[in-house]
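Take a look at the letters that make up each chain.
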Amino acid sequence: MDKKVAKLLNEQINKEMYSSYLYFQFANYYHEEGLDGFYNWYYVQAKEEMDHALLMMQYLQNNNVAVTLEAIAKPDKTLEALVDPLKEGQTHERYVTGLIHTIYEAAYEEKDFRTMKFLDWFVEEQGEEEKNASDMLARFELFG
Ligand code: FEO
């Protein structure tokens, strides 16, 4: 595998794990606020993000690329209002979409069709996650 593509995928493992941490922070916040439905939503999202990281780790290993695990940053979002995780979540998913597209672009440039195919699922998944984040926010604002 091309070194640049491998490096980007390896970095993405860390970013997916950070996403998982971030969503656990959101889940914990809602738990403390007594909103069990929102807690559960982000708890499930957090586990999904960890699955994304594991898929990438497995993909690199299946292609004989050694995986380097870096420190996961502390979730740094300030949550003061009940709507804050939803807003931060939407911003974060848009950011992640950009990251996935950057890896896709690198794979495309290298004619790494296998990685493009692997990433197709993530491209679609990001579309879904952005939609979910927008829908959650729209409903929250609608009902207050
Ligand atoms: Fe795995 Fe929504 O990023």
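For clarity, every value in this text was computed on a predicted model and none was experimentally measured.

Caption draft 1: Layout of the nonpolar core. By size, the foremost hydrophobic cluster in this structure holds 19 residues, and its most contacted members are L9, I13, M56, F118, L119 and F122. Residue assignment for this core shows that the elements contributing at least two residues are α1 (3–33), α2 (36–62), α3 (84–109) and α4 (113–143). It is α1 that contributes the most residues to this core, six residues altogether. Those residues in contact with M56 that lie beyond four places of it in its chain are L9, Q12, I13, E16, I100, F118 and F122. In this structure, L22, Y23, Y29 and Y42 belong to the second largest nonpolar core, which totals 15 residues.

Caption draft 2: Expanded view of the pattern of salt bridges. This model, assessed by the stated rule, comprises three salt bridges. Salt-bridge contacts for E11 lead to K7; the nearest nitrogen and oxygen are separated by 2.9 Å. You can see E11 and its partner K7 sitting in helix α1, four residues apart, about one turn around the helix. Among the salt bridges present, the one from D76 reaches K77, with a minimum N-O distance of 3.8 Å.

Caption draft 3: Spatial organisation of the environment of A106. Its location among the elements puts A106 in helix α3. Looking at A106, the relative accessible area reads 6%, which means it is buried. With 104 residues separating them along the chain, A106 and D2 place their C-alpha atoms 9.1 Å apart. Apart from the residues lying within four places of it in its own chain, the contact partners of A106 are K4, V5 and L8.

Caption draft 4: Region of interest: the packing of α3 against α4. The interhelical angle for the contact between α3 and α4, taken along N-to-C directions, is 165 degrees, at an axis separation of 9 Å. With respect to each other, α3 and α4 are oriented roughly antiparallel. For the pair α3 and α4, the sense of crossing is left-handed. Its residues assigned to classes, the contact of α3 with α4 comprises 15 nonpolar, seven polar and seven charged.

Caption draft 5: Here's a closer look at α3. Over its 26 residues, α3 runs 38 Å from end to end, which matches the ideal 38 Å to within 8%, given 1.5 Å per residue. A positive phi of about 55 degrees marks K111, the residue just after α3.

Caption draft 6: Quick look at the packing of aromatic side chains. For the structure shown, the criterion picks out 12 aromatic pairs. Judged by centre distance (6.2 Å) and plane angle (75 degrees), the rings of F38 and F140 are edge-to-face. Taken together, the positions of F38 in helix α2 and F140 in helix α4 put the pair 102 residues apart, joining distant regions of the chain. Each ring, one from F118 and one from F122, has its centre 5.3 Å from the other, and the planes form 55 degrees; the classification is tilted. Residue F118 and its partner F122 are both found in helix α4; the two are separated by four residues, about one turn of the helix.

Reading guide: rules and limits
- Residues numbered from 1 in each chain as written.
- Predicted model: local features only at pLDDT ≥ 70, side-chain atom pairs only at ≥ 80, totals over all residues.
- Heavy atoms only, no water.
- Core = buried A, V, L, I, M, F, W, Y, C linked by side-chain atoms within 4.5 Å.
- Buried < 20%, exposed > 50% of the residue type's maximum accessible area, 1.4 Å probe, protein only.
- Helix = DSSP H or I, 4+ residues; strand = E, 2+ residues; numbered from the N terminus.
- Contact = heavy atoms within 4.5 Å.
- Salt bridge = Lys/Arg side-chain N within 4 Å of Asp/Glu carboxyl O.
- Axes fitted to C-alpha atoms, helices over the stretch in contact; angles between N-to-C directions.
- Parallel < 35°, antiparallel > 145°, perpendicular 65-115°, else oblique.
- Left-handed = near helix turned anticlockwise from the far one by under 90°.
- Nonpolar A, V, L, I, M, F, W, Y, C, P; charged D, E, K, R; others polar.
- Expected span 1.5 Å × (residues − 1).
- Phe/Tyr/Trp six-rings, centres within 6.5 Å; stacked < 30°, edge-to-face > 60°.

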